Amino acid sequence: MNAESTIARNHQDTGGAEYLSFRLGDEGYGVDILKVQEIRGWEPVTRVPNAPDYVRGVLNLRGAIVPVFDLRRRLGMEPVAYGKETVVIVVRVQGEEESKSIGLVVDAVSDVMRVTSDSIRATPEFGARLDTGLITGMVTAGERMVMLLDVEGLHQAQAADPATEVGAA
Amino acid sequence: MSIDMEQFHQVFFEESFEGLEVMEAGLLRMDGGAVDDEEINAIFRAAHSIKGGSGTFGFTEVADFTHVMETLLDEMRDGRRPVTPNTVQVLLRSVDVLREMLTATREGASPDPEQVRIQQAELESVLASPGTAPPEASVDAAPESREQAPEAAGWHIVFRPHPHMMRTGNDPLRIIRELAELGDLQVTGDVSLLPPFSEFDPEECYLSWDLHLDAPVDRARIDEIFDWVEDDCDLAIMPVMIDAPREEAPGPDQSRLSAVSPPAERRVGERRSPEPRRRQERRSGQASPSSSIRVDIGKIDALINMVGELVITQSMLSLLGDDFHMGQLGRLRDGLAQLDRHTRELQESVMQIRMLPISFTFSRFPRLVHDLGAKLGKKIELKMTGENTEVDKTVIEKIGDPLVHLVRNSLDHGLEMPEERIAAGKPETGTVELNAYHKGGNIVIEIRDDGRGLDRDRILAKALERGLVQEDHNLTDRQIHELIFQPGFSTAEQVSDVSGRGVGMDVVRRNINELGGSIEIESEPGQGSAIIIRLPLTLAILDGQTVAVGDETYIVPLISIVESIQVRREMIHLVAGRGETIRLRDDYLPVIRLHEVFGIENPRATDLVDGLLVVVEGEGGQFGILVDDLIGQQQVVIKSLEANYQRVEGISGATILGDGSVALILDIPGVLRLAAGAGDVDQLQQSA
Amino acid sequence: MASILAVDDSASMRQMVAFTLKGAGYDVIEAADGVEALNIAKSKGVNLVITDVNMPNMDGISLIKQLRALPSYRFTPLLMLTTESGQDKKQQGKAAGATGWIVKPFNPDQLLNTVKKVLG
């Protein structure tokens, strides 16, 4: 609670925030740490029929049914086999009416980094390889480039995905 | 002492709405000609309580309006006014207005003044009609209107209680004490009426008093103090003008009593209980009015007992665990069995709390049938049975509109006009029955009428017109009935404002499906029709059959399952245009392979004879779902997929199995749609 | 502290009465109709009864009559809650043995004042 409010205050005072950074292949990504609910190791989930391929299934998060998305597939990257470092980041995102929890499968979690708003740069064009609509900006952390992920968009876009409408006719 | 009256508002509104139901139901029975004293009394009491409560809680408009209703009801109750259909109608309309007033008031809005004024005028005109005592003075003659300028410097009061006064619980000393609170009081006791000691009855009052109050208070203040006892004493209250010589009280045997001083002020009234504040906080924390439920105290007690048992079992087990050795295995088993039993009982008791009698839904129908019958010019008798059948609160909330639609349909399309009925040799009055009962873990609601039944030809003609069926199809009755549930289908030749158009039976069915239930129609031409709705008892728990396909596990709602069969080769028939079917007795059932519609990998059974066929009842008839294996039956707690994800076609929800993993629950109509959409089952609607 | 039996078929009125009186430190027992009230009154003595008039099963007037006939309630204050228009009810109540009445609508302060007076 205290930690959160401190972060929230930092957010306003310095125009910065803390991001949880993680890896997908060679690329670094970051997600606003205030949205992170928990981090857990990968465990098999229950498949949801006729869902888009990035929806790995649903898991039981203390009694709630939470969907798990493969972030690589979601962003249009090549899938990889899950291993020991594979983790699920559970994020809390604001849906249209109420907030929802979503699990994101990523290759590995790196660390928590502080990002000031003036260090965030616009997203360059990636060509067709990546869905850049889900990236809000990029920052340089030391040698690395970190792309900041829009988790809200992640959820909203999936609701409109035609693939989920399979068979609904 | 300041008390937050708002904390009682919710209870007031709840009981007022219940009171309105009582009034409405009673008035409708009176309308049918039954006038029974207790009935009128109950209606009167309901109005009286609403009036009392609304006055107390400051809803003046409601109180004023109800007062007029109450006055009318009072006259009816006392036999001063006959019960006429007109009076009953006026009162029914007033119930409606009152309901709207209460609804508006609860939401913090003001009732529509014009509507209230009109209805109140109508009530008053009934009251003013002859054969009745004149209406009493309006309630808003508040006591303070009696206020008058002080005219006296003080009061001389002669107070002679009747001997029996103390037996009414009144104490002359209390009255004297109250007077003393108003100002300086000089008290002279008169003991002249004391009997000889031998005749002395300690329960009687023999004393009288002569009182001089030296305070320029209103006469009304004095009257108020004597209000309760004015018939139990001789009383003279005389003003004392300034400078007027103080009269000496008459009587020879005077003995002076000392002036009574006002009692020490009690502080209790200022002791503030912490409760109002706490409640207020809790309430302000809620953004919208929470949906609440009134629970029978017996159910809560049962729950508490159950928890007590559970605690005992738990402590027994934990004691066992502290120092466990294999010799105690038997006791451990017993303990676990006990835990299992208590947990199940606890679950049942908790579920019981959500259960309400279906009468909450049924109670609106007498009025609806009454009004609609009058509007349509039909004579209709409504019979209801099983109103006390209990069903989940959510079902109660959601089944209302579909039932209203179905009952309206029966009244509008099913029942004939009186002359038509007579011509058909039927009683002039048509009957609509609403029945509710429990059957095999479900609740069944039936709407039966003795009307004309479904018109097969007209339905078929309409279906052809809409292209729902092909000309040459030879349809069974069941398939004809099924057509009614098709979207946009409406058989009423004239769109009446009763049944309306647009929202048709398809919406009704969808609503019922959403509740996990099913609907079917039985009809006999000329004899009537019946709509039968089956619903799960609760929406939180489901009796399910666990099935396995490939590595996956699904739950099939037991309510949908007709039977499960092992398919033999000779049962399989290929029917042109319909694909593979299974011949079961005289039916040919279409088959859905769950692994195909759900894209499940590595199913064990692709050939029908290798797996098991779960025969389910879906929209439009029975069909078979091929699975690898049946695992077992169990009660599962339904969890929403939509809370964090979204709706998934063919899936109604999820549940958590004993090992903590998630299993999805099949939505049978959805599976059917999926299969039809995928072309797996061709023209399933017609072929079923 | 004195104990008071509050009788009303309306839950909101009963709660209001009970809550007000409890707040002032009285012991309050609630009953929803005359029958229930009479049973309670018989099983345990109370110092004051406040009853509504119009109730199912047994109304307030009958309750007062029955209570007054009990030896232990001969002098107990019995108050009825009545409406202003109920002049004849007051008379009936008095005839049945009521001590007095509290006129509806009333607010908690009025109720407390009356109760304080009656219980001295």
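- Identification of chain C as Response regulator from Sedimenticola thiotaurini is taken from an unreviewed UniProt entry.

- Within an unreviewed UniProt entry, the label attached to chain B reads Chemotaxis protein CheA, and the organism entered is Sedimenticola thiotaurini.
- The UniProt entry for chain B carries the following comment under Catalytic activity (unreviewed entry): "ATP + protein L-histidine = ADP + protein N-phospho-L-histidine."
- Regarding chain B, the relevant UniProt record gives this comment under Function (unreviewed entry): "Involved in the transmission of sensory signals from the chemoreceptors to the flagellar motors. CheA is autophosphorylated; it can transfer its phosphate group to either CheB or CheY."

## Description of the interface of chain A and chain B
And then number 1: Listed per partner, the contact involves 22 residues of chain A and 24 residues of chain B.
And then number 2: Sorting the residues of the side of chain A that touches chain B by element identifies β4 (55-61), β5 (64-70) and β7 (99-106) of chain A as the ones contributing at least two each.
And then number 3: At four residues, the largest contribution of residues to the side of chain A that touches chain B is made by β5(A).
And then number 4: A breakdown of the residues in the side of chain A that touches chain B according to their chemical character gives 13 nonpolar, seven polar and two charged.

## Looking at the packing of helix α3 (residues 60-77) of chain B against helix α5 (residues 113-128) of chain B
Residues and elements named next belong to chain B.
And then number 1: At a minimum axis separation of 9 Å, α3 and α5 run at an interaxial angle of 25°. Comparing the axis directions of α3 and α5 gives the class roughly parallel. Every pair of crossing elements has a handedness; the one defined by α3 and α5 is left-handed. Contacts from Glu 61, Phe 65, Val 68, Met 69, Thr 71 and Leu 72 of α3 reach α5 at Val 116, Gln 120, Leu 123, Glu 124, Val 126 and Leu 127.
And then number 2: Classifying every residue of the contact of α3 with α5 by side-chain character gives eight nonpolar, two polar and two charged.

## Remarks on unusual backbone geometry
All names here are of chain A.
And then number 1: The phi dihedral of Asn 50 is positive, around 60°, even though this residue is not glycine.
And then number 2: For Asn 50, the position within the fold is in the loop between β3 (36-41) and β4.
And then number 3: Classification of Asn 50 as buried rests on a count of 21 C-beta atoms within 10 Å.
And then number 4: Despite not being glycine, Arg 62 shows a phi value in the positive range, around 45°.
And then number 5: Structurally, the position occupied by Arg 62 is in the loop between β4 and β5.

Calculation criteria
Residues numbered from 1 in each chain as written. Chains lettered and ligands numbered in written order. Predicted model: local features only at pLDDT ≥ 70, side-chain atom pairs only at ≥ 80, totals over all residues. UniProt positions renumbered as here; feature names shortened; annotations may be inferred. Contact = placed C-beta atoms within 7 Å. Helix = DSSP H or I, 4+ residues; strand = E, 2+ residues; numbered from the N terminus. Nonpolar A, V, L, I, M, F, W, Y, C, P; charged D, E, K, R; others polar. Axes fitted to C-alpha atoms, helices over the stretch in contact; angles between N-to-C directions. Parallel < 35°, antiparallel > 145°, perpendicular 65-115°, else oblique. Left-handed = near helix turned anticlockwise from the far one by under 90°. Buried ≥ 20, exposed ≤ 12 C-beta atoms within 10 Å, placed from the backbone.

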